[in-house]
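Chain by chain, the residues:
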Amino acid sequence: WRRREGAPYSTLVPSDEVTISYRHGLPVITLTLPTRSERCQFTVKPVVTTVGAFLQDVQREDKGIERAEVFATDGSKVSHATLMEVLLMNDFKLVINNTAYSVSPPVKDKLSSEHATEMEDIKSLVHRLFVALHLEDHQIRKERELLQKLDHLKGELLPLEQMKARIMNSADAKTSRLLWVGLALMSTQGGALAWLTWWVYSWDIMEPVTYFITYGSAMAFYAYFILTKQDYIYPQAKDRQFLHYFYHKSKKQRFNVERYNKLKDDLAEAEESLRRLRQPLHLRLPIQEINDKD
């Protein structure tokens, strides 16, 4: 047959020149090599082999082949990335040099449900074997990524940690000074009451004064509870005042507390991921290898 106008080949060859049969569940493509003029069989794995890989095998077998392509029945070219499993579902044309072979793949019998289940089990087993064989490379690559992430996070946290340390020292010093001022005021108040009681007035006059001072202190503690929803307990009051000084100083020095907390959370998450990655029970790697990595 002669090529029509615009067709990518000059000669059409009957379909019996290229035959496809199945052997042990795999398709076997038999064709005549143009230079050597001999029949050659190519066993392909349809699930993993692409059209481009098959054509490369044909060209390697016969160095005289300058052009090898596959076209659909409507004349459109089949991509080299197409899997052979997809190609063998329909008729197609195999073009070698300027000769086109019309190929009609045989229709495979539908698998029984039992055989189909067996094939699915085999595929699952192959997948598990692949994962087991490539697990170590995956774990090493993942560990390298986590180590790089840890170095990056620690580099970003270092200046923030230094700034935080300075702010905490300043806030702690202010809180301590406030506590000592409170102690000094209470001591002054006690001394003033004692002086007024024994040297200026008598206890009969000072007793109502001390009562109202005590009542005023109770009102102040109650007001503290209303404002903070917490009892006036000295450790909690100290921590609250420390945080007040800390956030005030952070805002003044433009210390981003939210960004710092986010980086700390990311660092803790990366360290936990690395710890779990290095556990032999999770990795299924020898303990000696884990110790060497540590």
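What you see is a predicted model, and the numbers here were worked out from it, not measured in a lab.

Asks: Before we move on, can you summarise the overall build of the chain with the specific residues and values?
Replies: Of the regular secondary structure elements, the chain holds 8 helices and 7 strands. Buried residues in the chain amount to 26% of all 294 residues. Across the chain, contacts joining residues at least 24 apart in sequence account for 55% of those joining residues at least 6 apart. Per element, the accessible surface of the chain, about 21000 Å² overall, is 57% carbon and sulfur.

Asks: Now, about the layout of surface pockets: what can you tell me, with residues and values included?
Replies: In this structure, the second largest pocket occupies an estimated 550 Å³ of space. Lining the second largest pocket are 18 residues, and of these Leu-178, Leu-179, Gly-182, Tyr-232 and Tyr-234 lie nearest its centre. When contributions to the lining of the second largest pocket are tallied by element, the ones reaching two or more residues are helix 3 (113-200), helix 4 (203-228) and helix 5 (234-253). Here the lining of the second largest pocket is built from residues that sort into 12 nonpolar, 4 polar and 2 charged.

Asks: So what's going on with the pattern of salt bridges? Which residues, and what values?
Replies: Here the structure, examined in full by the defined rule, presents 7 salt bridges. In this structure, Glu-156 engages Arg-259 in a salt bridge whose closest nitrogen and oxygen atoms are separated by 3.7 Å. Linking Glu-156 in helix 3 with Arg-259 in helix 6 (residues 257-277), this pair joins segments that are 103 residues apart in sequence. Here Glu-156 falls in the partly exposed class, since its relative accessible area comes to 26%. For Asp-266, the salt bridge identified is with Lys-262, shortest N-O distance 2.9 Å. Separated by 4 residues within a single helix, Asp-266 and Lys-262 lie in helix 6, roughly one turn from each other. Taking relative accessible area as the criterion, Asp-266 reaches 17% and is therefore assigned buried. Where salt bridges share partners, they join Arg-67, Glu-69 and Lys-77 into one cluster.

Asks: Can you break down unusual backbone geometry residue by residue, with the values?
Replies: Excluding glycine, most residues fall at negative phi; most peptide bonds, likewise, are trans. Located in the positive-phi region is Arg-254, a residue other than glycine, with phi close to 60 degrees. With respect to the helices and strands, the residue Arg-254 is situated in the loop between helix 5 and helix 6.

Asks: Residue-level account of helix 6, with values.
Replies: Here helix 6 spans 30 Å end to end across 21 residues, near enough to the 30 Å set by a 1.5 Å rise per residue. Every buried residue belonging to helix 6 is among Val-257, Tyr-260, Leu-263, Asp-266, Leu-267, Ala-270, Leu-274 and Leu-277, and all of these are buried. Capping the start of helix 6, Asn-256 holds a side-chain oxygen 3.3 Å from the backbone nitrogen of Glu-258, two or three residues further along.

Asks: Which residues make up the packing of aromatic side chains, and what are the values?
Replies: Evaluation of the coordinates by the stated rule reveals 6 aromatic pairs. Summarising the aromatic geometry, the rings of Phe-42 and Phe-54 are spaced 6.0 Å apart at their centres and angled 90 degrees between planes, so their arrangement reads as edge-to-face. Of this pair, Phe-42 sits in strand 4 (residues 38-43) while Phe-54 is found in helix 1 (residues 51-61), placing the two residues 12 residues apart along the sequence. When its relative accessible area of 8% is taken as the criterion, Phe-42 is described as buried. Pairing Phe-246 with Phe-255 gives two aromatic rings, centres 6.4 Å apart and planes at 80 degrees, and the pair type is edge-to-face. Overall, the relative accessible area of 9% leaves Phe-246 in the buried class. Through a chain of ring-to-ring contacts, the aromatic side chains of Phe-246, Tyr-247, Phe-255 and Tyr-260 assemble into a single cluster.

Asks: Break down the UniProt feature "transmembrane region" (unreviewed entry) in the chain for me, with residues and values.
Replies: Residues given the UniProt feature "transmembrane region" (unreviewed entry) here are residues 178-197 and 209-227. What you have in residues 178-197 is 100% helix and 0% strand, and the ends, taken at the C-alpha atoms, are 28 Å apart. End-to-end, the C-alpha atoms of residues 209-227 are 27 Å apart, and along that stretch the chain is 100% helix and 0% strand.

Rules of the game
Residues numbered from 1 in each chain as written. Predicted model: local features only at pLDDT ≥ 70, side-chain atom pairs only at ≥ 80, totals over all residues. Heavy atoms only, no water. Helix = DSSP H or I, 4+ residues; strand = E, 2+ residues; numbered from the N terminus. Buried < 20%, exposed > 50% of the residue type's maximum accessible area, 1.4 Å probe, protein only. Contact = heavy atoms within 4.5 Å. Areas by Shrake-Rupley, 256 points an atom, 1.4 Å probe, with all protein chains shown as cover. 1 Å grid on protein atoms, 1.4 Å probe; cavity = no way out; pocket = protein on both sides within 12 Å on 5 of 7 lines; lining within 4 Å. Points joined across faces, edges and corners; volume = space filled by probe spheres on them. Nonpolar A, V, L, I, M, F, W, Y, C, P; charged D, E, K, R; others polar. Salt bridge = Lys/Arg side-chain N within 4 Å of Asp/Glu carboxyl O. Expected span 1.5 Å × (residues − 1). Polar contact = N/O pair within 3.5 Å; in protein donor to acceptor, adjacent residues only side chain to side chain. Phe/Tyr/Trp six-rings, centres within 6.5 Å; stacked < 30°, edge-to-face > 60°. UniProt positions renumbered as here; feature names shortened; annotations may be inferred.

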